[in-house]
Amino acid sequence: MTTTLALEQIMLSPQYGEILAAVRAATPVAMLDQLDAATTHATRAAVEAAALTGGAAVTASPPSAVPGWLRLGLLDALTRWADGTGSTCRHSPRPDRPEPVLAAAWRPGLVTCCQCTHLWRVSREAGLTCDGCGRVCEPDSIHPAMAQMAGLIFMYGACGDCRPAITPEPGPLRRPETAEQDYPRGTGRVRPRGSRGRGRGRGVRR
Ligand SMILES: [Zn+2]
Ligand SMILES: [Zn+2]
């Protein structure tokens, strides 16, 4: 079993809450502080990005509420970043120095800092492709959104069929989290993916 699948199994376990608590208890306090700061920072960035595009930040809990393709994509980004098989931006963010970072469904294996949003621009064709089912859709029908786990913000675009049906809940965001941008790209304030260099990551810069 790959690390990604093993992590997913843990995440879907009924004991996930207890496992998280045990991992936190075993993590050095200084590292935990950094991790929590990165998480808070990433949440703020995701909420601001969602607000900028007319969307809302909503909580998806438990992890089973997140579609498998999205959960696995996020975990794959995390594990490839952690085991060094992925690539990063020139600022080389590292998992052992927690900070808010970006990853995306349309570019597996890449994790960047939040400044390097230029690395997330998508071609027109990729911008019309649903990251869930792989279908090339009509312009304006891909919904850009983000999911967050700790300090990692995972960007994706989904068609109406694949868009996670997540019910907003009040209260502080908990991992994993999803920031939905409620306007289909190309309508209102949101432009189609790949249009004049406006990447989906824009608005998340710090
Ligand atoms: Zn960078
Ligand atoms: Zn789809």
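This one's a predicted model, so the numbers in the text were calculated from it and none came from an experiment.

**Q** Sorry, what's going on with the overall build of the chain here?
**A** In terms of helices and strands, the chain carries five helices and seven strands. The buried share of the chain, reckoned over its 206 residues, is 43%. Of the contacts made within the chain by residues no fewer than 6 positions apart, 66% connect residues no fewer than 24 positions apart. Of the roughly 10,000 Å² of accessible surface on the chain, 55% is carried by carbon and sulfur atoms.

**Q** Mind showing me how you'd approach the coordination of the zinc ion (ligand 1) here?
**A** Each donor-metal-donor angle in an ideal tetrahedron of four donors is 109.5 degrees, and each such angle in an ideal octahedron of six donors is either 90 or 180 degrees. Taken together, Cys89 (SG), His91 (ND1), Cys113 (SG) and Cys116 (SG) make up the full set of protein donors to the zinc ion (ligand 1), lying 2.0 to 2.3 Å away. Within one chain, the residues donating to the zinc ion (ligand 1) are spaced in sequence as C-x1-H-x21-C-x2-C. Highlighted residues: Cys89 in the loop between strand S2 (87–88) and strand S3 (101–104) and Cys113 in strand S4 (residues 110–113), separated in sequence by 24 residues. Taking relative accessible area as the criterion, Cys113 reaches 3% and is therefore assigned buried.

**Q** Please explain the pattern of salt bridges as it appears in this structure.
**A** Here the idea is simple: oppositely charged side chains can pair when their charged atoms come close. For the structure on display, the rule yields five salt bridges. For Glu8, the salt bridge goes to Arg71, with nearest N and O atoms at 2.9 Å. Taken together, the residues Glu8 in helix H1 (residues 3–12) and Arg71 in helix H4 (residues 68–83) connect sequence positions 63 residues apart. We note that Glu8, like Arg71, is buried. Notably, a salt bridge pairs Arg24 with Asp36, separated by 2.8 Å at the nearest N-O pair. Of this pair, Arg24 sits in helix H2 (residues 16–26) while Asp36 sits in helix H3 (residues 29–52); the two residues are 12 residues apart in sequence, bridging distant segments of the chain.

**Q** I'm lost on the coordination of the zinc ion (ligand 2) in this one. Help?
**A** Taken together, Cys130 (SG), Cys133 (SG), Cys159 (SG) and Cys162 (SG) make up the protein donors of the zinc ion (ligand 2), found 2.3 Å from the metal. Its four donor atoms give the zinc ion (ligand 2) angles of 106 to 119 degrees at the centre, a pattern that matches the tetrahedral case. Spacing between the donor residues of the zinc ion (ligand 2) along their common chain follows C-x2-C-x25-C-x2-C. Judged by relative accessible area, which is 2%, Cys159 ranks as buried. Given a relative accessible area of 14%, Cys162 falls into the buried group.

**Q** For this particular structure, what's the right way to read a nonpolar patch on the surface?
**A** A cluster of nonpolar side chains, namely Leu7, Ile10, Ile19 and Val23, defines an oily patch on the protein surface of about 280 Å² accessible area. Of all the secondary-structure elements, those providing two or more residues to the nonpolar patch are H1 and H2. Counting through the fold element by element, Ile10 comes out in helix H1. With a relative accessible area of 36%, Ile10 lands in the partly exposed category.

**Q** I'm lost on the environment of Ala45 in this one. Help?
**A** Mapped onto the secondary structure, Ala45 falls in helix H3. On a C-alpha basis, the gap between Ala45 and Ile153 in space is 8.8 Å, while along the polypeptide they are 108 residues apart.

**Q** Is there a simple way to think about H4 in this case?
**A** Every α-helix winds through 3.6 residues per turn, so residues three or four apart in the chain are directed the same way. Across its 16 residues, H4 extends 22 Å between first and last C-alpha, which sits within 8% of the 22 Å expected from 1.5 Å per residue. Burial in H4 covers these residues: Leu70, Arg71, Leu74, Leu75, Ala77, Thr79 and Trp81. For H4, the elements touching its buried residues are H1, S2, S3, S4, strand S5 (143–149) and strand S6 (152–158). Downstream of H4 by a residue or two, Gly84 has a phi angle that is positive, lying close to 80 degrees.

**Q** Where do I start with the pairing of S6 in this structure?
**A** Regular strands place their side chains on alternate faces of the sheet. In terms of residue burial, S6 counts as a mostly covered element, since seven of its seven residues are buried. Both S3 and S6 contribute to a ladder of four bridges, which runs parallel. Bridge pairing links Ala103 to Phe154 in S6. Inspection of the sheet shows S5 paired to S6 by seven bridges, in the antiparallel sense. Looking at the pairing, Pro144 lines up with Gly157 of S6.

Rules used throughout
- Residues numbered from 1 in each chain as written.
- Chains lettered and ligands numbered in written order.
- Predicted model: local features only at pLDDT ≥ 70, side-chain atom pairs only at ≥ 80, totals over all residues.
- Heavy atoms only, no water.
- Helix = DSSP H or I, 4+ residues; strand = E, 2+ residues; numbered from the N terminus.
- Buried < 20%, exposed > 50% of the residue type's maximum accessible area, 1.4 Å probe, protein only.
- Contact = heavy atoms within 4.5 Å.
- Areas by Shrake-Rupley, 256 points an atom, 1.4 Å probe, with all protein chains shown as cover.
- Donors = N, O, S within 2.8 Å, 3.2 Å for Na, K, Ca; no water.
- Salt bridge = Lys/Arg side-chain N within 4 Å of Asp/Glu carboxyl O.
- Tetrahedral: all angles 85-135°; square planar, octahedral: opposite > 155°, others 65-115°.
- Patch = residues over 30% accessible without salt bridge, like charges linked within 9 Å, V, L, I, M, F, W, Y side chains within 5 Å.
- Expected span 1.5 Å × (residues − 1).
- Pairing = 2+ DSSP bridges.

Taken by themselves, the reported measurements are silent on function.
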